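Fold and geometry: a report
What follows is the residue order along each chain.
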Amino acid sequence: VQLQASGGGLVQAGGSLRLSCAASGGTFSSYVMGWFRQAPGKEREFVAVIKRSGGSTSYANSVKGRFTISRDNAKNTVWLQMNSLKPEDTAVYYCAAGRSYYYRATAAYAYWGQGTLVTVSS
C-alpha cells in the first residue's frame, strides 16, 4: 500500500492543523493506521493509532486530549486533527500502516508515507 501524507505547515502556538493521509494500492480497511513524528535530532516516536474499523484509538501521553485520529475506509484516508499546538510538536509527521494495534514501535508498521512537516512557532 502507498501512503501520501499532507496538511503540514507553519502555525502559531495554540493553533490547529489537520493532517491527511491518503492510501492507495491495497486494502486500506485491513490495516491499523498510525501517526508518528520525528523532531530534528530525535528518534521517530509514536503519536496515535486507530483500529481497522475506527472503533478504538490510542494516543501518546504528550498529545492526549489535543490530537484526534480518525479514518474513513470508504475514502481510504486517515486524519490527524491537532489542536492547541505547542512548539514541542514541531516535527515531520508520518502516517503508517500496520497489523497490530497494541505495538507502538516503528517496526510494527510495514508501510510509511513520505512525511509532512509541522512547524509550531512560539
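Residues numbered from 1 in each chain as written. Predicted model: local features only at pLDDT ≥ 70, side-chain atom pairs only at ≥ 80, totals over all residues. Heavy atoms only, no water.

Topic: the nonpolar core
A general trend in soluble globular proteins is that nonpolar side chains are found buried together. Put simply, the rule reads: What is meant by a nonpolar core is a set of buried Ala, Val, Leu, Ile, Met, Phe, Trp, Tyr and Cys residues, joined one to another through side-chain atoms within 4.5 Å. Only protein chains enter the area calculation, which uses a 1.4 Å probe; residues under 20% of their type maximum are buried, those over 50% are exposed, and those in between are partly exposed. Helical segments are the DSSP runs of H or I of at least four residues, strand segments are the runs of E of at least two, and each set is numbered from the N terminus.
By size, the foremost hydrophobic cluster in this structure holds 38 residues, and its most contacted members are M33, W35, L80, M82 and Y93. At the level of elements, β1 (2–6), β3 (17–24), β4 (32–38), β5 (45–50), β7 (67–72), β8 (77–82), β9 (91–98) and β11 (116–121) are the ones that each hand at least two residues to this core.

What about the side chain of R71?
Note the threshold: Under the convention used here, Asp and Glu are negative, Lys and Arg are positive, and both His and the chain ends fall outside the count. By definition here, a salt bridge exists when the distance from a side-chain nitrogen of Lys or Arg to a carboxyl oxygen of Asp or Glu is within 4 Å. Any pair of nitrogen or oxygen atoms within 3.5 Å is treated as a polar contact; in protein, a donor-acceptor pairing is required on top of that, and neighbouring residues in sequence qualify only through side-chain atoms on both sides. The contact criterion used throughout is that any non-hydrogen atoms of two residues lie within 4.5 Å.
Structurally, the position occupied by R71 is in strand β7. We note that R71 is buried and unpaired, the nearest opposite charge coming from D72 at a distance of 8.1 Å. Within the structure, R71 has its side chain in polar contact with the backbone oxygen of Y31 (distance 2.8 Å). Within the structure, R71 has its side chain in polar contact with the side chain of N73 (distance 2.8 Å). In contact with R71, other than residues within four places in its own chain, are F28, S29, Y31, V32, M33, I50, K51, R52, G54, T77, V78 and W79.

Here's the deal with the environment of A105
On the secondary structure map, A105 appears in the loop between β9 and β10 (109–112). Sequence-wise, A105 and G15 are 90 residues apart; in three dimensions their C-alpha atoms are separated by 28 Å.

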